[in-house]
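Fold and contact review
If you want the building blocks of each chain, they are given just below.
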Amino acid sequence: MKTLVSVAEMQVAAAGVRGAGRSIGLVPTMGALHEGHLSLVRRAQQECDVTVVSVFVNPAQFGPNEDYLNYPRDPEHDRGRLEREGVDFLFAPTVEEMYPPGFQSYVTVEQVAAPLEGEFRPGHFRGVATVVAKLFQAVQPHRAYFGQKDAQQCVVVQRMVRDLHLPVEIVVCPIVRETDGLAMSSRNAYLNAEERRAALVLYRALSGARERLQQGERDSASIAAEMRRLIEQEPSARIDYAAVVDAETLAPVERVTGRVLVALAVWIGRVRLIDNVVVEEHDGRVTSLL
Ligand code: PAF
């Protein structure tokens, strides 16, 4: 595995790969890699000739009161895991490389970035869209792989790619869960044993919502209220949102028809977790996707 740290050398390497008629798959990450990330890497390897994993903790997507400085970082562990997976390139630029002095150009996606995470983390998606656009410029991927766990991030990036005519296909991969249902996340590392147990309430609430939908419930407010009721039974849990929205526009829906995203953001103690399920209602039947 070759490690590259400058945008210029990454662009030269990408031009070489493209010039040889080979395809590039990019897996953008902030490191602290877990099985969820590795599932994206494996999918990229199946579908592309050359796989690039970027590891960059992007300061622009953290708010002033968020955990940028304490975000889990373990570069040696990450490098070892990627070596073992047979990744071709690790792109690990510094903050100064990505945001040199004088930097002032940002990408802003509007409506789909506004609700849910956008409401509780103002500026977050401006940071995400900007860094993802910059990573695309550096790596020149044919395909880029994102996890469904960050459902709104997937929608925002897809919107940006369409709106700016970026020549890259966005591939959204299923959520990877621990055996007890907790969605894998780098932030799970912050949970102590008691919080780890309490965190299962997210999965229980989403599974309950999916079951009620499969039993015929179509009223979004009732589904959201039931999720809230369940989560509020957990003393260490504090809900940012429990929402049922259109899976493409992220606008609230009154009744469930077509494809909807059931999404949660919940604090467990001092750790903020997100999780979701996508369901599709068609001719009165509900199937769960991803
Ligand atoms: O999902 C993440 O890890 C980050 O938001 C991403 C896409 C790597 C951008 O920094």
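Taking 1.5 Å as the rise per residue, helix α1 (residues 7–19) with 13 residues should run 18 Å; its terminal C-alpha atoms sit 18 Å apart, in good agreement. Buried within α1 are the following residues: Met-10, Ala-13, Ala-14 and Val-17. Viewed along the axis of α1, the buried residues span an arc of 100°, placing them on a single side of the element. Every exposed residue of α1 that faces more than 90 degrees away from the buried side is listed here: Val-12 and Gly-19. The elements touched by buried residues of α1 are β1 (2–4), β2 (24–29), β3 (50–55), β4 (89–91) and α6 (124–139). The first or second residue beyond α1 is Gly-21, which carries a positive phi of 75°.

In space, the four strands of this open sheet follow the order β7-β8-β9-β10, with antiparallel pairing throughout. A single partner strand is all that each edge strand has here, and the edge strands are β7 (237–246) and β10 (285–289). When the angles between neighbouring strand axes are averaged without regard to direction, this sheet yields 20°. Bridge count for β7 against strand β8 (residues 258–268) is nine bridges, and the pairing is antiparallel. In the strand pairing of β8, Val-245 is matched with Leu-261.

Turning our eyes to something else, we now look at the sheet that holds β2. Strand order in the open sheet made by the six strands is β1-β4-β3-β2-β5-β6, with parallel pairing throughout. Only two strands of the sheet have a single partner each, and these edge strands are β1 and β6 (169–173). Ignoring strand direction, the axes of neighbouring strands in this sheet form an average angle of 25°. Strands β2, β3, β5 (143–147) and β6 of the sheet are contacted by helix α2 (residues 35–47), whose axis makes an angle of about 155° with β5. Docked against the sheet, helix α7 (residues 151–163) engages β5 and β6, running at close to 170° with respect to β6.

Turning our attention to the environment of Ala-243. For Ala-243, the position within the fold is in strand β7. With relative accessibility at 14%, the residue Ala-243 sits in the buried group. On a C-alpha basis, the gap between Ala-243 and Leu-116 in space is 7.9 Å, while along the polypeptide they are 127 residues apart. In contact with Ala-243, other than residues within four places in its own chain, are Leu-116, Met-227, Leu-261, Val-262 and Ala-263.

About the thresholds
- Residues numbered from 1 in each chain as written.
- Predicted model: local features only at pLDDT ≥ 70, side-chain atom pairs only at ≥ 80, totals over all residues.
- Heavy atoms only, no water.
- Helix = DSSP H or I, 4+ residues; strand = E, 2+ residues; numbered from the N terminus.
- Expected span 1.5 Å × (residues − 1).
- Buried < 20%, exposed > 50% of the residue type's maximum accessible area, 1.4 Å probe, protein only.
- Arc of directions from axis to C-beta.
- Contact = heavy atoms within 4.5 Å.
- Pairing = 2+ DSSP bridges.
- Axes fitted to C-alpha atoms, helices over the stretch in contact; angles between N-to-C directions.

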